[in-house]
Amino acid sequence: MFNLNKSIHVVKYRVVWMCLSALLLIPGIIAMVYSMITYPTHSPVKVGIDYTGGTILQYGVSEAISNEDVAKTREGLSEIGVQNPYIQILNVNPTEENKNIKSIISIRTKFIDETSNEADDITAVVQKDYNGAELIQVSSVGATLGNELFKMSIIALALAIIGMIVYISFRFKLEYALAAILGLVHDVLFVVGIFSILGIFCDVQIDGLFLTAILTVIGFSINDTIVTFDRIRENLRYYGKKMSFGEIVDASVNQTLTRSINTSLTVFITLAALYFFGGVTTKDFVLAMMLGVLVGVYSSIFFCSMLVDMWEENKMKKAAQKAS
């Protein structure tokens, strides 16, 4: 038998966990609704070149630049006919290959054809404002390809979720599958909501790597949830007649809590190292992963398990009413 007196009583505060989940999701949902209303693409997040099409030119600069310094660059681009460019400053740590580069100026504009001189004109403006600025990368995606990538991304996400629904329904009861899927929705909404907020206030855009992060978060979260559900099912088999369902959930969560925290903490530390010391092009991807790892371990313990407990309690109440 379990020593319930020394256990963490998670079920006792399930209303608190549900309210906390609402607090985590509501700001992001508000930001997504605002984004869908205001963005020309009507997407819940600010999408990047991968999905909208366009050209990104990146310039290496030997001096540290702040976001306020780009105002003159924006005016210069407007004078040569570049309308509404998206300009971002990325401060980087110099490497042996690029010892003289301290900042990267990233300029996103409409799709620029290879035969056009517009890229040369933009380069001239940047080099006029920043001595020694050097064009280090040019990326272009056509609008048609961007739309196709967006459709394929949605299909990939939908297939992943459907596959998980089928697997969990086969392995567990339907109530467990529904709780696990709601947990996935909870985690995805949280991560997408945070990036929607970052898009509004910090001009953060998502790209193809963001979808990769979301799919990885889904896999990580469902794995944690299945471990907890598996322990609940196993304990029900041996202690179903000796303990209430809520006590079994508490005991199962306590048995898997240390494992979940240790696994998530190990992954989080690795991702934190990548975020602070890795390349600037993967920062948003790593940030999405970090957020997903944190919310995934929370949802598997404090959200999915509580949903199962509430549904089982409601089922028992209905059975008792019919018996009486």
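Residues numbered from 1 in each chain as written. Predicted model: local features only at pLDDT ≥ 70, side-chain atom pairs only at ≥ 80, totals over all residues. Heavy atoms only, no water.

### Focus on the overall build of the protein chain
A tally of helices and strands in the protein chain yields nine helices and four strands. When the elements of the protein chain are put in sequence order from the N terminus, they spell out α-α-β-α-β-β-α-β-α-α-α-α-α. Overall, the protein chain is about 85 × 40 × 30 Å in size when its C-alpha atoms are taken along their principal axes. Once local pairs closer than 6 in sequence are excluded, the contacts in the protein chain between residues at least 24 apart make up 78%. Accessible area of the protein chain: about 17700 Å², with a carbon and sulfur share of 61%. Looking at the protein chain, you have 25 positive and 29 negative side-chain charges, and the mean spots of the two groups are 17 Å apart. (Helix = DSSP H or I, 4+ residues; strand = E, 2+ residues; numbered from the N terminus. Contact = heavy atoms within 4.5 Å. Areas by Shrake-Rupley, 256 points an atom, 1.4 Å probe, with all protein chains shown as cover. Lys, Arg positive; Asp, Glu negative; His and termini not counted. Charge placed at Lys NZ, Arg CZ, Asp CG, Glu CD.)

### Focus on the sheet that holds strand β1 (residues 54–61)
Strand order in this open sheet of four strands is β2-β3-β1-β4, and the pairing throughout is antiparallel. The open sheet has two free edges, formed respectively by β2 (86–91) and β4 (134–141), since each of these has just one partner strand. Direction aside, the axes of adjacent strands within the sheet are offset by 15° on average. The pairing of β1 with β4 spans seven bridges and is classified as antiparallel. (Pairing = 2+ DSSP bridges. Axes fitted to C-alpha atoms, helices over the stretch in contact; angles between N-to-C directions.)

### Some thoughts on helix α1 (residues 14–38)
The end-to-end C-alpha distance of α1, which contains 25 residues, comes to 36 Å, matching closely the 36 Å that a straight helix rising 1.5 Å per residue would cover. All of the buried residues along α1 are Arg14, Trp17, Ser21, Leu25, Gly28, Ala31, Met32 and Ser35. Structurally, α1 contributes buried residues whose contacts are with α6 (174–202) and α9 (283–323). (Expected span 1.5 Å × (residues − 1). Buried < 20%, exposed > 50% of the residue type's maximum accessible area, 1.4 Å probe, protein only.)

### A look at a nonpolar patch on the surface
Together, Met152, Ile155, Leu159, Ile162 and Val166 make up an exposed nonpolar region whose accessible area comes to about 490 Å². Checked against the element boundaries, Ile162 lands in helix α5 (residues 143–171). (Patch = residues over 30% accessible without salt bridge, like charges linked within 9 Å, V, L, I, M, F, W, Y side chains within 5 Å. Salt bridge = Lys/Arg side-chain N within 4 Å of Asp/Glu carboxyl O.)

### Points about helix α7 (residues 208–239)
Here α7 contains 32 residues, and its C-alpha end-to-end distance of 47 Å stays within 8% of the 46 Å for a straight helix at 1.5 Å per residue. Measuring from the backbone nitrogen of Leu209 back to the side-chain oxygen at the start of α7 gives 3.1 Å, which picks out Asp207 as the cap. (Polar contact = N/O pair within 3.5 Å; in protein donor to acceptor, adjacent residues only side chain to side chain.)

### Let's talk about the pattern of salt bridges
In total, this model carries eight salt bridges according to the counting rule given. Residue Asp224 is joined to Arg259 by a salt bridge in which the shortest nitrogen-to-oxygen separation is 2.6 Å. Separated by 35 residues along the polypeptide, Asp224 in helix α7 and Arg259 in helix α8 (residues 245–277) bring together distant segments of the chain. Taking the relative accessible area as the measure of exposure, Arg259 reaches 32% and is therefore partly exposed. Taken together, the shared-partner salt bridges connect Arg14, Asp309, Glu313 and Lys317 into one network.

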